[in-house]
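Each chain, written out:
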Amino acid sequence: MKSVGLVVGAGVAGIQAAIRLADQGFTVYLVEKNPSVGGRVAQLSKTYPELDCASHTWTPRMIEVSKHPNIKLLTYSEVKDVRRQGDIFKVKILKKPRFVDENKCTGCGVCAQHCPVEIANDFDERIGVRNAIYVPFPNAVPQAYTIDREHCLKCGLCQNVCMSKAVDFQQRPETIEVEAGAIIVASGFNPFDPRKHDEYNFSRYDNVVTGLTLERLLSLSGPTGGHVLRLSDGKIPKRIAFIQCVSPGNPKSGKIYCSEVCCMYATKQAELLKELIPDADINIYYAEPLVNDERFEEYYKKARTEYGIKYSKARLTEVVEKPTHNLLIRTVSESGKPIEHEADMVVLSTGLVPSASDFVDALRLKLDDGGFFEAVDSDSNSIQTSTEGVFVAGAAEGPKDIAKSVKQADAAALKASAYLRKLGEAKTTPIRRS
Amino acid sequence: MIGGLSEKKKLAKKTDAAIEAFKTERLRWVLGISQVGPKVDEQKYKAVSSKIMKDEIDRQMIIGEIKEKGPRTIKELSEATKLNTKEVLRHIIALRKIGTISEAGEKDGGYLYKASE
Amino acid sequence: MEEAKLEQRQFEPVILAFCCNWCSYAGADLAGTSRFEYPTNVRIIRVMCSGRIDPTFILSAFRWGADGVLITGCHPGDCHYVQGNYMMERRFAFLKEAMNQLGIEPERLRLEWISAGEGEKFAALIRDTTQRIKQMGPNPLKTA
């Protein structure tokens, strides 16, 4: 099957690459391990620098991948094994059982309304709740519910109330075998877990949150409807401190690697906070220099002058919690002066780390120092992996923002389609876009 | 015996909340689970059902307080129900999701929550 | 101290007994016809099955001042409606937990199986229950 491409991961890069490749006329298998496509962008409130609504931009593309005639979307599925046979990759994909028939489910949600089990949901960074039968977020694609087997009590109430008879406890995992000529890896990232670097005991303090948690609090569709409040007591925070460069240290050099996006997203969040809480006093503490991208110079300037956000170059030494659950931030300035500031809420701008993938070993792809898939191409696209026919795009290749991921996905799709055509006899019909 | 009187009032409120909790579909279904549907894991069931019962009683106390006194802040709800503010927030988030409660302005540095109609 | 003791001796608990029609009510009847004596603190409420007893009945009983609640039903396996008594048994565990959470002594609630032929057992049960509740004192929710 030389005119078939496989895209692993349906976040920004995966969606973009899949659509581009499918438009060229190739059949694309798009595999996503979560019940819905969308990846990390679905969790965002607004994107920088224009403060566009994230779901506004991306929901249409998410729907597109589910409806595109050349894309076979496999959600709640994982690539388990990849073997090379000549020019072809033989791929084994595990389709995990949802216990809900995707074809019958209309997404009406009556089942979840009645499900007695309530769990902290990962989508809202465990601040919000979902039921054992759930969709990860309201505009999930596909609009089919999934039963989380670990928490389900098998009480059968959802089955009772479902008017489409879509609940099926008899579902079993299914292995699907696919033959593909080219593979694009777009498995994205995870935010760095600050508990891994717990010198400052961040995980113990209720009012110390990660950037992604703040993103969910800022989201209108989030657990608090866009009302930012402290997790210890629901109070509106007035003094907010952002700590930048919360990232793993490079094991070789010891230096923390830069995730590129944190300075920008912290600035964005600070601006959104200022709009929500006009009398907020916001400080951004950074240890390494702010990311110097000419796209964003204006952005920082605006933040300082128009929004009154303060940036301080300082190294964090300690965060201490007071009985009020306020936080005492102790830093050392560039000149060596110790500074102490009290804040109502501290936001850790966590960096991006690779998202774990089972199939890394199967493909024997080279990884860089940070654990991301290493690109070996000589041009600046950085999409060719160490294995021929396997390309990489998006945060899977290294930390980057949405705009860069989209560009890289376009490049990867282009390279992949050229590669597939070279493999020969690619009789495909490109789709005309009007 | 003023202290005794207010203790009795608190207990009466809590018991009213418990009665309301046992009227909710969620708790009633969980109580009856072993009789219907596919096999249930007993251990898991015990753990989950105890939590559901406690949550429903606490939530009915919160709802009862709001219905009686009008829109309340998390601090006020915490004082009235003797639940800590973190717990109250957790319940507010859940009640918000199903539409029972919604924001109704700000007071004393926090948000006010009212019963949605 | 003397006053408290006096109060306790004068305290006559009000106990509600839910008895299922088929076994335990018949047992109560038998106690009556056999002239077994038991105190008058108990008010018997006949229900068709112990499974009919909604948890809200029991909580309401305590809410409005009952000092004790006794539930009697058929022995396991003998329920006229097959599963009713098992349902009650399951609810009973929950109610104990709920009472603990509220701060009402869970010992005020009691569940026993009485068959139609156990008249003496019924009488003994009432005597024992009344005694225990007397020891516990009045329900904290009792209205004067």
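Refer to the preceding data block for the structure.
Residues numbered from 1 in each chain as written. Chains lettered and ligands numbered in written order. Predicted model: local features only at pLDDT ≥ 70, side-chain atom pairs only at ≥ 80, totals over all residues. Heavy atoms only, no water.

J.: Describe the interface of chain C and chain B, listing the residues and the values that go with them.
T.: Taken together, the contact pairs 20 residues of chain C with 22 residues of chain B. Buried area between chain C and chain B, summed over both chains or domains, comes out near 2,100 Å², and the portion from carbon and sulfur atoms is 64%. Among the residues chain C hides against chain B, the three largest losses belong to R90, F94 and Q101 of chain C. Together they make up 33% of the total. Taken together, the links from chain C to chain B amount to two salt bridges. On the surface where chain C and chain B come into contact, there are eight residue pairs in polar contact (both at pLDDT 80 or more). Elements with a minimum of two residues in the side of chain C that touches chain B: helix 3 (55-63) and helix 4 (84-102) of chain C. Considering every element that reaches the side of chain C that touches chain B, the biggest residue donor is helix 4 of chain C, with eight residues. For the side of chain C that touches chain B, the residue count by class is nine nonpolar, five polar and six charged. (Contact = heavy atoms within 4.5 Å. Buried area = accessible area lost by both parts, 1.4 Å probe. Salt bridge = Lys/Arg side-chain N within 4 Å of Asp/Glu carboxyl O. Polar contact = N/O pair within 3.5 Å; in protein donor to acceptor, adjacent residues only side chain to side chain. Helix = DSSP H or I, 4+ residues; strand = E, 2+ residues; numbered from the N terminus. Nonpolar A, V, L, I, M, F, W, Y, C, P; charged D, E, K, R; others polar.)

J.: Which residues make up the interface of chain A and chain B, and what values do they have?
T.: Taken together, the 34 residues of chain A in the interface contact 31 residues of chain B. The contact between chain A and chain B buries some 2,600 Å² in all, and 59% of this surface belongs to carbon and sulfur atoms. Along the contact surface separating chain A from chain B lie two salt bridges. The tally of links from chain A across to chain B stands at 11 residue pairs in polar contact (both at pLDDT 80 or more). Contributions of two or more residues to the side of chain A that touches chain B are made by strand 9 (129-131) and helix 4 (157-161) of chain A. The residue makeup of the side of chain A that touches chain B, split by class, is 14 nonpolar, 11 polar and nine charged.

J.: Kindly report on the side chain of N131 of chain A, identifying the contributing residues and their values.
T.: Residue and element names in this part refer to chain A. Along the chain, the position of N131 falls in strand 9. Take N131: its relative accessible area is 16%, and that puts it in the buried class. Among the polar contacts made by the side chain of N131, one reaches the main-chain carbonyl oxygen of C115 at a distance of 3.1 Å. In this structure the side chain of N131 is engaged in a polar contact, spanning 3.1 Å, whose partner is the backbone oxygen of V117. Every residue in contact with N131, bar those within four places of it in the chain, is listed here: A112, C115, V117 and I119. (Buried < 20%, exposed > 50% of the residue type's maximum accessible area, 1.4 Å probe, protein only.)

J.: I'd love a proper account of the pairing of strand 7 (residues 88-95) of chain A, names of residues and values included.
T.: Residues and elements named next belong to chain A. Note: strand 6 (residues 77-85) against strand 7, eight bridges, orientation antiparallel. Looking at strand 7, one finds that R84 is bridged to F89. The turn joining strand 6 and strand 7, which pair antiparallel and follow one another in sequence, is formed by two residues; a positive phi near 70 degrees is taken by G86. Direction of pairing for strand 7 relative to strand 12 (residues 174-180): antiparallel, over a ladder of seven bridges. By the bridge assignment for strand 12, K95 is matched with E174. (Pairing = 2+ DSSP bridges.)

J.: How would you summarise the packing of aromatic side chains if you had to cite specific residues and measurements?
T.: A ring pair, where both rings are aromatic, is described by two values, the distance of the centres and the angle of the planes. Residues and elements named next belong to chain A. A complete count under the given rule lists six aromatic pairs over all chains for this structure. Ring centres of F123 and F137 lie 4.7 Å apart, and the angle between their planes is 20 degrees; on these two criteria the pair is classed as stacked. Within this pair, whereas F123 is found in the loop between strand 8 (118-120) and strand 9, its partner F137 is found in the loop between strand 10 (133-134) and strand 11 (146-147), the two being separated by 14 residues in sequence. Judged on exposure class, the residue F123 and its partner F137 are both buried. (Phe/Tyr/Trp six-rings, centres within 6.5 Å; stacked < 30°, edge-to-face > 60°.)

J.: Describe in detail helix 1 (residues 12-23) of chain A, supporting the description with residues and values.
T.: All names here are of chain A. For helix 1, which comprises 12 residues, the first-to-last C-alpha distance of 17 Å matches the rise-based estimate of 16 Å (1.5 Å per residue) to within 8%. Burial analysis of helix 1 places 11 of its 12 residues in the buried class, the great majority of the element. All of the buried residues along helix 1 are V12, A13, G14, I15, Q16, A17, A18, I19, L21, A22 and D23. At its buried positions, helix 1 is contacted by strand 1 (4-8), strand 2 (27-31), helix 2 (54-67), strand 5 (71-74), strand 13 (182-185) and helix 9 (402-422). Positive phi shows up at G25, right after helix 1, with a value of about 105 degrees. (Expected span 1.5 Å × (residues − 1).)

J.: I'd like to hear about helix 7 (residues 297-305) of chain A, residue by residue, with values.
T.: Residue and element names in this part refer to chain A. What helix 7 keeps buried is the set Y299, Y300 and A303. The buried side chains of helix 7 occupy one side of the element, clustering within an arc of 95 degrees when seen end-on. Structural note: helix 7 exposes E298, K301 and T305 on the side pointing more than 90 degrees away from its buried face. Considering only its buried residues, helix 7 is in contact with helix 6 (262-276) and strand 18 (310-321). (Arc of directions from axis to C-beta.)

J.: Go over unusual backbone geometry with me, naming the residues and quoting the values.
T.: All names here are of chain A. Here the residue pair Y48 and P49 is connected by a cis peptide bond, since its omega of -5 degrees sits within 30 degrees of zero. Despite not being glycine, L51 shows a phi value in the positive range, around 55 degrees. Within the element layout of this structure, L51 appears in the loop between strand 3 (46-47) and strand 4 (52-53). Here R126, not a glycine, exhibits a phi torsion of approximately 65 degrees, which is positive. Position of R126 among the secondary structure elements: in the loop between strand 8 and strand 9.

J.: So what's going on with the sheet that holds strand 7 of chain A? Residues and values would help.
T.: Residue and element names in this part refer to chain A. Read across the open sheet, the three strands follow the order 6-7-12; overall the sheet is antiparallel. Sheet topology places strand 6 and strand 12 at the edges, where each strand pairs with a single neighbour. Neighbour to neighbour, the strand axes of the sheet diverge by 20 degrees on average, direction disregarded. (Axes fitted to C-alpha atoms, helices over the stretch in contact; angles between N-to-C directions.)

J.: With reference to specific residues and values, describe a nonpolar patch on the surface.
T.: Residues and elements named next belong to chain C. A cluster of nonpolar side chains, contributed by W22, M48 and Y81, occupies part of the molecular surface with about 300 Å² of accessible area. Position of Y81 relative to the elements: it lies in the loop between strand 3 (68-73) and helix 4. For Y81, a relative accessible area of 41% gives the class partly exposed. (Patch = residues over 30% accessible without salt bridge, like charges linked within 9 Å, V, L, I, M, F, W, Y side chains within 5 Å. Areas by Shrake-Rupley, 256 points an atom, 1.4 Å probe, with all protein chains shown as cover.)

J.: Account for the packing of helix 6 of chain A against helix 7 of chain A, naming residues and giving values.
T.: Residue and element names in this part refer to chain A. Put simply, helix 6 and helix 7 touch, their axes get as near as 10 Å, and they point 35 degrees apart. Seen from above, helix 6 lies across helix 7 with left-handed handedness. In contact with C263, M264, T267, K268 and E271 of helix 6, helix 7 contributes Y299, Y300 and A303. Split by residue class, the contact of helix 6 with helix 7 holds five nonpolar, one polar and two charged. (Left-handed = near helix turned anticlockwise from the far one by under 90°.)

J.: So, the pairing of strand 13 of chain A: which residues are in play, and what are the values?
T.: Moving residue by residue along a regular strand, the side chains alternate between the two faces of the sheet. Residue and element names in this part refer to chain A. Neither face of strand 13 is open: one carries A182 and I184, the other I183 and V185, and all of them are buried. Where strand 1 lies against strand 13, four bridges are found, and the strand directions are parallel. What sits directly across from L6, in strand 13, is I183. Relative to strand 23 (residues 390-392), strand 13 is paired through three bridges, and the arrangement is parallel. The residue of strand 23 that forms the bridge with I184 is F391.

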